[in-house]
Amino acid sequence: VGSGGREHAIAWSVAKSPKVDKIYCAPGNAGISEYAECVPIGAMEFEKLADFAGEHDVDLTIIGMDDPLVGGVVDVFEARGLKVFGPRKNAAILEGSKAFSKDLMKKYNIPTAAYEVFTDEDKAVEYLKNNRKYPIVIKADGLAAGKGVIIAQSEEEAIDTVKDMLEGHSFGGAGRSVVIEEFMEGEEASVLCFCDGTHVVPMVSSQDHKRIFDNDKGPNTGGMGAYAPAPVMTDEMMDEVKVKILRPIMAAMKKEGYPFKGCLYAGLMITDEGPKVVEFNCRFGDPETEAVLPLFDGDLAQVMLECVHGNLKKEDVKWKKGCAVDVVMASEGYPGSHSSGEIISGLDEAEKAGCIVFHAGTVKKNGKYVVNGGRVLNVVALAPTLEEAKAKAYEGVSKIHWQGVQYRHDIADKGIRHLKAKE
Ligand code: AMP
Ligand code: GLY
């Protein structure tokens, strides 16, 4: 269920499973339709999705997106005895409510930025007036399409932001409470994990590039590219992450009565004091998934079924050697209002150059792929080293054209710099 590059990568990966003979995708996109039958059901139409799965004897439904998970699609499927990969509504709240996840981390001593939750404007303003450390981070509670986080550089900006969020002028219904938290200095990394309610098995680490322009400049986006694995996540660091963050959060969720099944996404900041949680998401990351899954060397359908059945086997989660780089190609104007309808050329040439192209915002018109969204394509390359994977991905990118296309030129550079510093 979904229609982005993440869902394309998931469909591509499960299509390799000997267990899988038919894939449907609701609603899907032009790229996904190459190997899945796309059905015009929206991701929030839970009853229709469950009707479809029941009528077509679908053995496993995979939910890609956060909104349906937070809205309880898994509960609707389970009530009908249908198998579904993803957390129930009461566990998806780990992403759905920042206040919930921050409180849980505090209760179970999981390292994260110090924070306070406010619903009362006067109290929030008083807190900000007593705070001497800026920047400070202000988050609207609830899902806000990634736009609910403001890093305020001054007291004035912080107070304005809090007022705006609590009075509900911005961020829709998501602003009824705000989380104010300490700004963490460090480098970010993402760790996606398979979870079966009790056990957690991390995938290879990855790193997203959230800003629109090179060198992390400009406004935040859904993500402009990713690479995996992330050199900042050394084996020792990953062990620390497992011991201090992943196993404790799984145990906490189970103990609180919300066992987490599905993909847990840990967004981490690697600080001088060790790894700290920036956020948890209750689903695969986008664009991280497009870099991570091509390195997966197991049977994704099998591993997902194990998660659903509560018997995840670590030895089934296997990885290829080497690195993956994913460069996102976006339409003109993104992340603001963007263009659409331009004809895309060069997709075959990019594949001939050895790249995998995962579609996000595309549609097929008169036999041609055309732009139909902000993030349009993910061009992914695998190679023995990060530097080679980057070169190959950009070779693929150079073959693809449309009017107004934009992309970053520095995807994976942070990782390459890490490796050079170690040499
Ligand atoms: P979130 O939606 O919580 O992931 O926040 C979006 C982005 O804001 C993150 O990916 C970080 O780059 C940044 N961010 C969020 N919280 C913090 C924090 N406490 N310190 C520093 N950066 C943060
Ligand atoms: N890559 C950020 C996210 O999926 O939330």
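Look above for the structure.
Cut-offs used in this document
- Residues numbered from 1 in each chain as written.
- Chains lettered and ligands numbered in written order.
- Predicted model: local features only at pLDDT ≥ 70, side-chain atom pairs only at ≥ 80, totals over all residues.
- Heavy atoms only, no water.
- Pairing = 2+ DSSP bridges.
- Helix = DSSP H or I, 4+ residues; strand = E, 2+ residues; numbered from the N terminus.
- Axes fitted to C-alpha atoms, helices over the stretch in contact; angles between N-to-C directions.
- Contact = heavy atoms within 4.5 Å.
- Near = heavy atom within 4 Å.
- Polar contact = N/O pair within 3.5 Å; in protein donor to acceptor, adjacent residues only side chain to side chain.
- Areas by Shrake-Rupley, 256 points an atom, 1.4 Å probe, with all protein chains shown as cover.
- Nonpolar A, V, L, I, M, F, W, Y, C, P; charged D, E, K, R; others polar.
- Buried < 20%, exposed > 50% of the residue type's maximum accessible area, 1.4 Å probe, protein only.
- Patch = residues over 30% accessible without salt bridge, like charges linked within 9 Å, V, L, I, M, F, W, Y side chains within 5 Å.
- Salt bridge = Lys/Arg side-chain N within 4 Å of Asp/Glu carboxyl O.
- 1 Å grid on protein atoms, 1.4 Å probe; cavity = no way out; pocket = protein on both sides within 12 Å on 5 of 7 lines; lining within 4 Å.
- Points joined across faces, edges and corners; volume = space filled by probe spheres on them.

Kindly report on the sheet that holds strand β7 (residues 149-152), identifying the contributing residues and their values.
Strand order in the open sheet formed by four strands is β5-β8-β6-β7, and the pairing between neighbours is antiparallel. Of all the strands in the sheet, the pair left with one neighbour each is β5 (115-118) and β7. The sheet shows a mean angle of 20° between the axes of neighbouring strands, direction not considered. Pairing of strand β6 (residues 136-140) with β7 involves four bridges; the strand directions are antiparallel. When the bridges of β7 are listed, I136 appears paired with A152. Packing against the sheet, helix α6 (residues 98-107) makes contact with β5, β6, β7 and β8 (178-182), and its axis sits at approximately 140° to β5. Lying over the sheet, helix α7 (residues 121-130) contacts β5, β6 and β8, oriented at roughly 155° with respect to β5.

Give me the lowdown on the site of ligand 2, citing residues and values where you can.
In the vicinity of ligand 2, the contacting residues are D208, Y265, N281, R283, G285, D286, P287 and E288. Separating a nitrogen atom of ligand 2 from a side-chain N or O atom of E288 is a distance of 2.7 Å. Contact with the protein chains removes 88% of the 200 Å² of surface that ligand 2 exposes when unbound. Within the shell around ligand 2, the residues separate by chemical class into two nonpolar, two polar and four charged.

Go over the pairing of strand β18 (residues 356-359) with me, naming the residues and quoting the values.
Moving residue by residue along a regular strand, the side chains alternate between the two faces of the sheet. In β18, alternate side chains face the same way, and those of I356 and F358 on one face and V357 and H359 on the other are all buried. With four bridges connecting them, β18 and strand β21 (residues 375-383) associate as antiparallel partners. From the neighbouring strand, V357 faces β21, where its bridge partner is V379.

Can you explain a nonpolar patch on the surface? Please cite residues and give values.
Residues V149, I151 and F183 make up a contiguous nonpolar surface patch of roughly 210 Å² in combined accessible area. Looking at the element boundaries, V149 is found in strand β7.

Describe in detail the sheet that holds β18, supporting the description with residues and values.
Here we have five strands laid out as an open sheet, ordered β11-β14-β17-β21-β18, and antiparallel in their pairing. Sheet topology places β11 (207-208) and β18 at the edges, where each strand pairs with a single neighbour. The strands touched by helix α1 (residues 5-14) within the sheet are β18 and β21, with β18 carrying the most contacts at an inclination of about 125°. Helix-sheet contacts for helix α13 (residues 386-399) involve β14 (225-228), β17 (323-330) and β21, and the interaxial angle to β17 is about 30°.

Tell me what's going on with the site of ligand 1, and back it up with residues and numbers.
Around ligand 1 sit 14 residues in total, of which K139, E181, M184, E188 and E279 are the nearest. One nitrogen or oxygen atom from the main chain of E182 is found 2.8 Å from a nitrogen atom belonging to ligand 1. E188 is positioned such that a nitrogen or oxygen atom in its side chain is 2.5 Å from an oxygen atom of ligand 1. The set of elements that each furnish at least two residues to the shell around ligand 1 consists of β6, β8 and β16 (274-281). Across the shell around ligand 1, the residue classes tally to seven nonpolar, no polar and seven charged.

I'd like to hear about the layout of surface pockets, residue by residue, with values.
Considered as a void within the structure, the second largest pocket measures approximately 710 Å³ in volume. Contributing to the lining of the second largest pocket are 31 residues, with K22, I23, Y24, V58 and L60 lying nearest its centre. Going through the elements one at a time, α1, β1 (24-25), α2 (46-55), β3 (61-62) and α11 (300-309) are the ones with two or more residues in the lining of the second largest pocket. Broken down by element, the lining of the second largest pocket gets its largest block of residues, four residues, from α1. Class assignment of the residues belonging to the lining of the second largest pocket gives a composition of 21 nonpolar, three polar and seven charged.

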